[in-house]
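Results of the structural survey
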Amino acid sequence: MGVQEDIRKLEDEIKNTQYNKATQKHIGKLKSKLAKLREESQNPSGSGGSAGPSYAIRKTGDATVAFVGFPSVGKSTLLNKLTNANSEVGAYAFTTLTIIPGLMEHKGAKIQVLDAPGIISGASFGRGRGSEVLAAVRNVDLIMVIVDVFSPEHIPVIERELSNVGIRLDQIPPEVKIAKRDRGGVAVNTTLPLSKIDEDTVVAILGEYKIHNADIVIRDDVDADQLIDSVMGNRSYIPTLVIINKIDLADQESLDIMESEVHERPHVFVSGHKEINLEELKDKIFDTLGFIKLYLKPQGKKADMTDPLIILKNSKVKDVCNKLHRDFVKNFRYAQVWGPSAKHPGQRVGLDHVLGDGDILSIVVKKSGQ
Ligand SMILES: Nc1nc2c(ncn2[C@@H]2O[C@H](COP(=O)(O)OP(=O)(O)OP(=O)(O)O)[C@@H](O)[C@H]2O)c(=O)[nH]1
Ligand SMILES: [K+]
Ligand SMILES: [Mg+2]
């Protein structure tokens, strides 16, 4: 019996088990088993990678965004319109066979845009070039879920495939810290009442991962899935923008159905081919990513307030260091901040400090040979 069949059986059992106080522990265990099997199915025999070609792409610019959608929805056409790239367009499925990068400049930000081969249902099990595509988008800053205007039903399919490989869309990573111990059992500490799972279930889920001695601190009202994500520790949390393409072909009814499907989340209606709403699309990409301005102050000198650095919101000092010089992280001593993220002007901070819009930053590094 293959892993995929095991996965399907577990999915069915979870679906068919009523969730309540009496069953939550059992369901928590089933979900843990399922998460482990999915992991196994993506890294067969623990080789750590699939047999297919690798699409590893070097990130450039201030942010990286990727198209993920079914074949022939118009990904390559849009890439070519938004960027300097020239990706092949064709009226047949799977025209694009690899990841094609392009660069888009908008409002002072340089945004790398990735075109990708189309994915289909079952991509996360390796159908088509699914595994490679899904692996390649794990590290992007925004996923553009793209559908043609007649296929709203593709949106949940794409999202399920991304979810199966451990990509969490539009979710904030739950605050859970697990410190393993040598003995003493599992101590569950919460900073608020848990309404979705009880302590027994927490202990049972940890047990599925052979964690029998640990201090766990939970600062969010997590459910079983979120707790499992935290234990697995390898999830990618990525925001999405839904792009509805080919609106030049649409009738009012299709537009209305689509609108009701997506109205609660960031989305944009476009036509790549007919160049409809492309400026709005660029604005949406820029806004959904979210950028902030950062002013650099050389140590002991005045900050340059005329030429800010454009960085992604929630960037850390480490991200800025990486952007400025490849040795800055290695030689980092400390940084100082003035502005919204500083507790007091000139606060000394480390690499993990999260910066705010309008901050002034001074980075102090060891001189070479020091
Ligand atoms: N009417 C219309 N046709 C479009 C539009 N955008 C793309 N097309 C056509 O749709 C077909 C597929 O376009 P591609 O850009 O190759 O689509 P893709 O998503 O990159 O396809 P794959 O790489 O095969 O997954 C081509 O015939 C395009 O000319 C659009 O906005 N309106
Ligand atoms: K195509
Ligand atoms: Mg293409």
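Source: prediction; values computed, not measured.

Let's shift gears to the overall build of the chain. Of the regular secondary structure elements, the chain holds 10 helices and 16 strands. The principal-axis extent of the C-alpha atoms belonging to the chain is close to 65 × 60 × 40 Å. Every one of the 370 residues in the chain was classed for burial, and the buried ones make up 31%.

Bringing the pairing of strand E3 (residues 109–115) into the picture now. With five of seven residues buried, E3 is to be regarded as a mostly interior element. Two elements, strand E1 (residues 63–69) and E3, share four bridges in a ladder whose sense is parallel. What sits directly across from Ala63, in E3, is Ile111. Linking strand E2 (residues 100–106) back to E3 in an antiparallel pair, the connection comprises two residues, with Lys107 at a positive phi of about 50°.

This paragraph deals with the UniProt feature "domain: TGS" (unreviewed entry) in the chain. Sequence positions flagged by UniProt for "domain: TGS" (unreviewed entry) are, in local numbering, residues 290–365. Secondary structure across residues 290–365 divides into 11% helix and 36% strand, with the first and last C-alpha atoms of the span separated by 28 Å.

So, on to the environment of Ala85. In this fold, Ala85 is placed in the loop between helix H3 (75–82) and E2. Using a count of 17 C-beta atoms within 10 Å as the deciding quantity, one classes Ala85 as partly exposed. For the pair Ala85 and Tyr237, spaced 152 residues apart in sequence, the C-alpha to C-alpha distance is 27 Å. Apart from the residues within four sequence positions on either side, Ala85 is in contact with Leu79, Asn80, Ile100, Pro101 and Gly102.

Our focus in this paragraph is helix H9 (residues 278–289). An ideal rise of 1.5 Å per residue puts 16 Å on 12 residues; H9 measures up with 17 Å between its terminal C-alpha atoms. Every buried residue of H9 is listed here: Leu281, Lys284, Ile285, Phe286 and Leu289. Immediately downstream of H9, the backbone of Gly290 shows phi near 80°, a positive value.

Counting 60 residues, the largest nonpolar core has Ala66, Val68 and Met144 as its most contacted members. Counting residues per element, this core draws most heavily on strand E4 (residues 142–148), which supplies six residues. Taken together, domain 2 (63–171 + 236–289) and domain 3 (291–365) each give at least three residues to this core, which thus spans both. Aside from chain neighbours lying at most four places away, what touches Val68 is Ala116, Ile119, Val137, Ile143, Met144, Val145, Ile158 and Leu162. The next biggest cluster of nonpolar side chains, apart from the first, holds 12 residues, and it includes Ala35, Ala204, Leu206 and Ile228.

With that settled, the discussion passes to the domain arrangement of the chain. We note that the domain assignment places domain 1 (3–48 + 174–232), domain 2 (63–171 + 236–289) and domain 3 (291–365) within the chain. When each unit is reduced to the centre of its C-alpha atoms, the spacing between domain 2 and domain 3 is 32 Å.

Taken together, six strands build an open sheet; the order of strands is E2-E3-E1-E4-E10-E11 and the sheet is mixed. Two strands bound the open sheet, and with one partner strand each, they are E2 and strand E11 (267–269). Geometrically, the sheet is characterised by an average inter-axis angle of 25° between neighbouring strands, direction not taken into account. In this fold helix H5 (residues 154–164) packs onto E1, E4 and strand E10 (240–245), with an angle of close to 145° to the strand it touches most, E4.

About the cut-offs
Residues numbered from 1 in each chain as written. Chains lettered and ligands numbered in written order. Predicted model: local features only at pLDDT ≥ 70, side-chain atom pairs only at ≥ 80, totals over all residues. Helix = DSSP H or I, 4+ residues; strand = E, 2+ residues; numbered from the N terminus. Buried ≥ 20, exposed ≤ 12 C-beta atoms within 10 Å, placed from the backbone. Pairing = 2+ DSSP bridges. UniProt positions renumbered as here; feature names shortened; annotations may be inferred. Contact = placed C-beta atoms within 7 Å. Expected span 1.5 Å × (residues − 1). Core = buried A, V, L, I, M, F, W, Y, C linked by C-beta atoms within 7 Å. Domains from an automatic or database assignment. Axes fitted to C-alpha atoms, helices over the stretch in contact; angles between N-to-C directions.

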